[in-house]
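# Architecture at a glance
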Amino acid sequence: MVLRVLLLGVMALILPFMLSGDATADEGVLPQGEVRPALTSAHFPSRMHEFVFRNWNAVAPEKLAALFDTPAENLTAVAVSMGLPAVPVVPPQMMERGYVTIIRRNWHLLPYEQLVALLEMSPERLSVMLREEDFLWIKLGRIKPQCEVLRYHAPTPEDTARAAAIKTIVDADFGAAIAEPGEPRFDFVRQLAAPRPGIVPVQDQQGALPFERIVYSYVSVYGDPLLNPDLNPYPDGLLQRLAAVGINGVWLHAVLRDLAPGGGAFPEFGENHETRIANLRALVDRARRYGVKIYLYINEPRAMPEAFFEARPEIAGVTGTGLRAMCTSHPAVQEWMGGALTHIFREVPGLGGVYAITASENLTNCASHGGWSACPRCKDRSDAEILAEAVRIIEEGVHRGDPNANVLISDWGWRGHGDATEIIPKLPESVWLMSVSEWSLPIERGGISSAVGEYSISAVGPGPRALPHWKLAESLGQKTGAEIQFNNTCEIASLPYLPVMDLVAEHCSNLLGAADLDAMFIGWTMGGYPSPNLHLAQRLSRKPAPTIDTVLDEMALERFGPEGAPLARTAWTQMSNAFREYPFHISVVYTSPVQWGAANPLYGEKTAYGATMWGIPYDDLNGWRGPYPPEVFAAQFEKMAEGWRTGVNAMAAALEKTPVNLREDADGDLRLARAAAIHFQSVANQARFVAARDARAAAGDAATPEDRTRWIGEMRQGLESEITLAKALYELTKEDSRIGFEPSCQYFYLPLDLVEKVINCRWLLAQLDA
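Note that the structure is predicted; figures quoted are calculated from it, not measured.

Turning our eyes to something else, we now look at the pairing of strand 7 (residues 406–410). Counting buried residues along strand 7, five of its five residues qualify, which places the element largely inside the surrounding structure. A crossover links strand 6 (residues 353–357) with its parallel partner strand 7, the connecting element being helix 17 (residues 383–401), and its sense is right-handed. As defined by bridge partners, strand 7 adjoins strand 8 (residues 432–436) across three bridges and the pair is classed as parallel. Paired with Leu-408 across the strands is Trp-432, a residue of strand 8.

Pasting the structure below:
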């Protein structure tokens with residue numbers, strides 16, 4: 001019963017995000033969604049001041065000034081009036097690697113005409129980006145807030161007075177640090193790009209790996225890296241470091257119509273495919289030197305705009321997400337799809353294989369979103385037949401091009417993430433069946449029963465869905481693999497890895513004892529940092545199998561030295577135990593402010609904006625918390641933060657005893673641990689602030705003096721704690737460019753957002769006292 005409720009809940013949450021009929025499919029038209037006014041931040045003197053502050057360390061002042069058609073010194077004066085340095089440090093890679101961050105921070109400030117100008121991007125390019133780049137339109141809430149054109153204006157006396165008050169806060173809370181550059185954003189790209197002397201691939205250490213271990217690049221730009229070789233998704237240094245922690249496969253997102261010609265049937269396909277194929281071939285050759293294979297992640301065939309079918313109505317399938325499927329029951333679609341894969345694998349010798357999801361958020365075959373009965377060709381077929389046929393087309397196409405390539409097929413989304421045992425026997429014997437290890441695992445957090453419906457580290461698998469799927473596949477001669485994450489998950493993805501080694505070790509040990517796996521797909525867009533967590537997973541698979549304690553002791557010794565190792569082991573255990581308290585639910589991991597931590601602003605009044613899927617949390621407590629009552633939700637995050645801080649203290653003590661030559665990596669572990677504790681405590685603070693604010697507003701004049709005093713006290717406590725957390729996270733973020741980053745969402749926050757959070761909280765405190 002719990003599982004059935006879980007599956008219904010997962011689909012209830014995801015479908016509103018997916019079924020965005022308000023987003024036009026025409027490439028030249030930007031989506032609008034519901035007409036709703038943009039939010040303004042009352043702690044700033046004006047929208048112009050907000051824009052300047054928000055973008056001062058993200059976009060060069062000259063570009064900001066060009067948008068306003070005003071001299072740059074005018075905007076510099078505005079920035080300085082709020083305590084910002086006259087000469088900002090702007091990452092040179094922000095436009096290429098941080099465009100999602102720029103879009104998100106200006107979503108409520110600029111209309112499209114100014115947004116595309118700021119991005120130096122055509123409306124057509126932005127339209128494609130919103131649709132195709134990891135569901136960006138969905139992450140932004142499927143609403144483009146209505147913004148007036150923003151223009152420069154000379155500050156009024158009231159503006160000047162408020163700006164001076166902001167400067168006083170910045171000076172008092174941050175002092176000279178506001179002008180100190182810190183580690184540049186994206187500096188981790190430079191750090192990971194060059195090979196490091198003395199790093200030896202696992203293959204050279206211990207012979208061939210027992211199975212495939214595949215991750216995504218921590219430095220890749222999600223969009224179209226094969227078209228722009230300057231945005232190298234896998235520099236040599238990263239490949240070297242990944243190989244050294246046991247990774248022998250990496251993946252790239254691919255769209256078949258971009259990598260292969262369409263032939264006579266679809267002549268519009270294949271633009272620039274020769275360039276992409278040449279760059280892919282070079283990447284495969286380079287990765288091979290480190291013992292690493294390249295895999296293509298595909299959802300095919302991709303749905304197309306209605307105009308695509310005007311001359312070919314016979315291949316039109318079901319509709320969804322503003323697009324229409326290319327029906328895989330039609331021979332022309334089958335021929336093109338299989339032929340495209342054959343072309344790619346013939347043209348790129350040594351390509352490792354494909355990892356395919358046939359029922360993803362992207363509409364592909366007519367059964368991918370469950371509505372195949374609306375297709376005249378598919379209505380009399382079963383979903384099992386349609387899905388298995390899509391797999392067969394993929395498998396045959398790949399193996400015509402290269403019989404030795406691997407075809408990894410995920411059961412994600414099949415039968416609503418339910419029982420897929422009717423589908424698995426219909427698959428070709430040569431495919432590898434992949435399944436999320438912990439999916440459907442029953443859990444109880446804070447007295448609330450639920451089940452896992454996403455990747456989770458806090459809940460240790462394998463679970464009751466993957467195990468029977470693997471067992472059935474093995475009995476049919478298919479290979480099997482676990483989809484699993486060891487570095488991070490949506491539970492908190494804005495840090496590259498979490499030092500919860502006990503949880504990772506337990507899951508690895510459970511898997512090795514329960515299934516005869518051939519592969520691990522370790523991480524989604526998040527989770528590809530070459531971390532000790534990944535190395536731990538590799539070490540636990542050695543033959544003969546070592547004990548968990550043996551491996552953890554070895555790694556603690558290597559990372560913290562003989563005196564620091566025992567304390568590091570204690571820290572790992574304490575943080576692992578704390579993380580078991582995570583109030584897991586798909587609503588929590590998708591919409592709560594856990595990715596933003598103390599950078600998420602607070603609002604004095606309800607915004608009425610709903611939290612978006614992995615985008616903007618707003619103040620939507622009821623959306624954040626899933627099945628957990630507000631106080632249970634807050635209490636679980638606070639309980640987790642308290643236990644985590646105990647582990648942080650132990651790790652800090654370990655660092656003091658760590659030899660100097662090991663301190664750089666150990667200090668990085670401690671920074672990430674401290675940042676995680678801040679994120680967890682901040683979610684609890686924000687939940688309690690919003691609950692108290694809303695209760696006070698609902699009661700109005702009918703509130704008793706005691707209730708009013710209590711609510712104001714709770715709001716004040718939350719604001720004061722958020723100020724402390726934001727200042728601490730600011731220091732950590734300035735020291736470490738990895739904090740706040742995730743490859744597909746890019747930076748959830750920049751250091752200056754934490755300065756704004758302090759301004760935001762001090763303004764709200766003043767309102768409470770007014």
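To continue, consider the pattern of salt bridges. Using the criterion set out here, one finds 45 salt bridges in the structure. Residue Asp-171 pairs with Lys-167 through a salt bridge whose shortest N-O separation is 2.8 Å. Note that Asp-171 and Lys-167 are positioned in helix 10 (residues 157–174) at a spacing of four residues, about one turn of the helix. Taking relative accessible area as the criterion, Asp-171 reaches 37% and is therefore assigned partly exposed. The closest approach of N and O atoms between Glu-396 and Arg-392, which form a salt bridge, is 3.1 Å. Remark: Arg-392 and Glu-396 occur in helix 17; sequence separation between them is four residues, near one turn of the helix. Relative accessible area serves as the criterion here: at 33%, Glu-396 is assigned to the partly exposed category. By relative accessible area, which is 28% here, Arg-392 ends up partly exposed. Through salt bridges with shared partners, a single ionic network connects Arg-381, Glu-389, Arg-392 and Glu-396.

Okay, the side chain of Asp-159 next. Turning to its location among the elements, Asp-159 is positioned in helix 10. Of the buried charged residues, Asp-159 lacks a salt bridge, with Arg-162 as the closest side chain of opposite charge at 9.1 Å. Excluding residues that lie within four positions of it along the chain, Asp-159 makes contacts with Pro-45, Ser-46, His-49 and His-153.

For helix 8 (residues 123–132), the full list of buried residues reads Leu-126, Ser-127, Met-129, Leu-130, Arg-131 and Glu-132. Contact partners of the buried residues in helix 8: helix 6 (99–105), helix 7 (112–119), helix 9 (136–139) and helix 14 (256–259). Looking one or two residues past helix 8, Asp-134 carries a phi angle of roughly 50 degrees, positive in sign.

Residues in a regular strand project their side chains so that they alternate between the two faces of the sheet. Neither face of strand 12 (residues 519–522) is exposed, since Ala-519 and Phe-521 on one face and Met-520 and Ile-522 on the opposite face are all buried. Where strand 1 (residues 212–216) and strand 12 come together, three bridges link them in parallel fashion. In the sheet register, Ile-214 faces strand 12, and the bridge partner there is Phe-521. Where strand 11 (residues 479–484) and strand 12 come together, four bridges link them in parallel fashion. Across the sheet, Ala-482 pairs through a bridge with Met-520, a residue of strand 12.

Packing of helix 19 (residues 501–514) against helix 21 (residues 548–579) brings their axes to within 6 Å, and their N-to-C directions diverge by 90 degrees. In terms of orientation, helix 19 lies roughly perpendicular with respect to helix 21. Across from Met-501, Asp-502, Leu-503, Ala-505, Glu-506 and Ser-509 in helix 19, the residues of helix 21 making contact are Ile-548, Leu-552, Met-555, Trp-572, Thr-573, Ser-576 and Phe-579.

Residue placement: Leu-732 occurs in helix 26 (residues 705–735). The spacing of Leu-732 and Gly-182 is 550 residues in sequence and 9.8 Å in space, taken between C-alpha atoms.

One closed barrel holds the eight strands; their spatial order is 1-2-3-6-7-8-11-12, and the pairing between them is parallel. Across the sheet, the mean angle separating the axes of adjacent strands is 25 degrees when strand polarity is ignored.

This part takes up the packing of aromatic side chains. The final tally for this structure, using the stated rule, is 41 aromatic pairs. A centroid spacing of 5.4 Å and a plane angle of 75 degrees characterise the contact between Tyr-218 and Phe-741, whose relative ring orientation is edge-to-face. Here Phe-741 lies in strand 13 (residues 741–742) and Tyr-218 lies in the loop between strand 1 and helix 13 (236–244), a separation of 523 residues in the sequence. Here Tyr-218 and Phe-741 have matching classes, each one buried. One aromatic cluster is present, built from ring pairs that chain together Phe-186, Phe-188, Tyr-218, Tyr-497, Tyr-529, Phe-741 and Tyr-747. One residue, Lys-144, lies across the ring of Trp-107, its end atom 5.0 Å from the ring centre. Geometry around Phe-308 places Arg-312 over its ring, the cationic atom sitting 4.3 Å from the centre.

One finds Leu-126, Trp-414 and Trp-644 to be the most contacted residues of the largest nonpolar core, which totals 272 residues. In terms of residues, this core owes the most to one element, helix 25 (residues 663–699), which gives 15 residues. Excluding its chain neighbours within four sequence positions, the residues that come into contact with Trp-644 are Leu-498, Pro-499, Val-500, Met-575, Ala-578, Phe-579, Ala-673, Ala-676, Ala-677 and Phe-680.

Moving on, we come to the packing of helix 16 (residues 331–347) against helix 17. With their axes 7 Å apart at the nearest point, helix 16 and helix 17 run at an angle of 35 degrees to one another. Between helix 16 and helix 17 the crossing geometry is right-handed. Here Gln-334, Met-337, Gly-338, Gly-339, Leu-341, Thr-342, Phe-345 and Arg-346 of helix 16 come into contact with helix 17, specifically with Glu-389, Ala-390, Arg-392, Ile-393, Ile-394, Glu-396, Gly-397, Val-398, Arg-400 and Gly-401. Counted by class, the contact of helix 16 with helix 17 contains seven nonpolar, six polar and five charged residues.

What counts, and where the lines are drawn
Residues numbered from 1 in each chain as written. Predicted model: local features only at pLDDT ≥ 70, side-chain atom pairs only at ≥ 80, totals over all residues. Heavy atoms only, no water. Buried < 20%, exposed > 50% of the residue type's maximum accessible area, 1.4 Å probe, protein only. Helix = DSSP H or I, 4+ residues; strand = E, 2+ residues; numbered from the N terminus. Right-handed = clockwise from strand over helix to strand, strands pointing away. Pairing = 2+ DSSP bridges. Salt bridge = Lys/Arg side-chain N within 4 Å of Asp/Glu carboxyl O. Lys, Arg positive; Asp, Glu negative; His and termini not counted. Contact = heavy atoms within 4.5 Å. Axes fitted to C-alpha atoms, helices over the stretch in contact; angles between N-to-C directions. Parallel < 35°, antiparallel > 145°, perpendicular 65-115°, else oblique. Phe/Tyr/Trp six-rings, centres within 6.5 Å; stacked < 30°, edge-to-face > 60°. Lys NZ or Arg CZ within 6 Å of the ring centre and 35° of its normal. Core = buried A, V, L, I, M, F, W, Y, C linked by side-chain atoms within 4.5 Å. Left-handed = near helix turned anticlockwise from the far one by under 90°. Nonpolar A, V, L, I, M, F, W, Y, C, P; charged D, E, K, R; others polar.

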